[in-house]
Amino acid sequence: MRASQEVRGEKQRTSEIHISGAEGLYTVSEMQRILREYIERALHHPKGKPDTILLTLEEVRQEPLTISTLPLSTVISDSPSEAKKISGNMLRALRISEKALKTAFAVLQKGNMRGAALISADKGMRLEHDRRRGVRVSRLGIAKPALRILSPRLARLGINTDTVKEALTLASKVASCSGVRAELCISDDPQYTTGYVASNLFGYVRIPTLKRSGRKIGGRVFFIREGSDIDRIIQYLERTPVLVDRIGPCKGIQRAEEILDSHHL
Ligand code: AMP
């Protein structure tokens, strides 16, 4: 699903605001329910009312690859400046250069992308072919038995929401793509201020107050190892069906240093 709104700017020029998007792997019997849910989501998004909602349904013939969710944890962070410092330190520990961090935060500050920016981990270059759209991770889902394990684990932590489950599924698919070293995400929902850094090394680390409440900025950045085959990465993220069928550990609140120190780099 893709929902957008056309706005008129200076000199009557029109531009498009991305309101909401969603995708998943479902059986035919789930289709009608999911479509209703997606339409509801598009119509009641905090970013505003869309004037266009596009729904695409495609048969997927390829057997999905199966993966586990990344280990989940949440760090303590009380302000956007502390959260930015924590995410920056975590990404530096993952060998993301200062240049790449600068490009990434500029992308997130600008917002209004439908997909993710691909940024080379060392040189900090934008690598995706369409910079306005970005790369949209699609063909991903979570198997029902895995969801039945995940939901109570998240409920014990007070975070059993669609937002967390969908983001964890997406981050786990992204981390399973060879060539992606790390991901940084800030939601563009003005009310949702918790962002995350995801990587195979540290897992899916939720970082509260990564932006100030009420702001529409946000987006996703995937940091790419230098010399990777970009077309192969995009093909995997957008087209290869991937299903979560195993659940990694779901830990509670931790100090950022604990997470960094628990790994010998
Ligand atoms: P959300 O987490 O839905 O608030 O999305 C925040 C931002 O992440 C969006 O504005 C997009 O730039 C990006 N995004 C959302 N969904 C995807 C996706 N499936 N693939 C890539 N980027 C996404």
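Since this is a predicted model, take the numbers as computed values, not measurements.

Rules and cut-offs
Residues numbered from 1 in each chain as written. Predicted model: local features only at pLDDT ≥ 70, side-chain atom pairs only at ≥ 80, totals over all residues. Heavy atoms only, no water. Phe/Tyr/Trp six-rings, centres within 6.5 Å; stacked < 30°, edge-to-face > 60°. Helix = DSSP H or I, 4+ residues; strand = E, 2+ residues; numbered from the N terminus. Buried < 20%, exposed > 50% of the residue type's maximum accessible area, 1.4 Å probe, protein only. Lys NZ or Arg CZ within 6 Å of the ring centre and 35° of its normal. Domains from an automatic or database assignment. Contact = heavy atoms within 4.5 Å. Buried area = accessible area lost by both parts, 1.4 Å probe. Salt bridge = Lys/Arg side-chain N within 4 Å of Asp/Glu carboxyl O.

## Topic: the packing of aromatic side chains
Both the distance between ring centres and the angle between the ring planes are used here to describe each pair of aromatic rings.
Reasoning step 1: The final tally for this structure, using the stated rule, is two aromatic pairs.
Reasoning step 2: Centre to centre, the rings of Tyr26 and Tyr38 are 6.4 Å apart; their planes meet at 75°, and the pair counts as edge-to-face. Of this pair, Tyr26 sits in the loop between strand E2 (14-21) and helix H1 (31-43) while Tyr38 sits in helix H1, and the two are twelve residues apart along the sequence.
Reasoning step 3: What makes Tyr26 partly exposed here is its relative accessible area of 40%.
Reasoning step 4: What makes Tyr38 buried here is its relative accessible area of 8%.
Reasoning step 5: Note on Tyr196 and Tyr204: the rings are 4.5 Å apart at their centroids and 40° apart in plane angle, and the pair reads as tilted.
Reasoning step 6: According to the relative accessible area criterion, Tyr196 is buried, its value standing at 3%.
Reasoning step 7: Just above the ring of Phe105 sits the side chain of Lys84; from NZ or CZ to the centre is 4.8 Å.

## Considerations on the domain arrangement of the protein
Reasoning step 1: Taken domain by domain, the protein consists of domain 1 (2-54) and domain 2 (65-262).
Reasoning step 2: With centres defined by C-alpha atoms, the gap from domain 1 to domain 2 works out at 22 Å.
Reasoning step 3: Taken together, the contact pairs 13 residues of domain 1 with 18 residues of domain 2.
Reasoning step 4: A combined buried area of about 1400 Å² lies between domain 1 and domain 2, and 47% of that area is made up of carbon and sulfur atoms.
Reasoning step 5: The largest share of the area that domain 1 buries against domain 2 comes from Glu23, Leu25 and Lys47, three residues that together contribute 44% of it.
Reasoning step 6: If you look at where domain 1 meets domain 2, you find four salt bridges.

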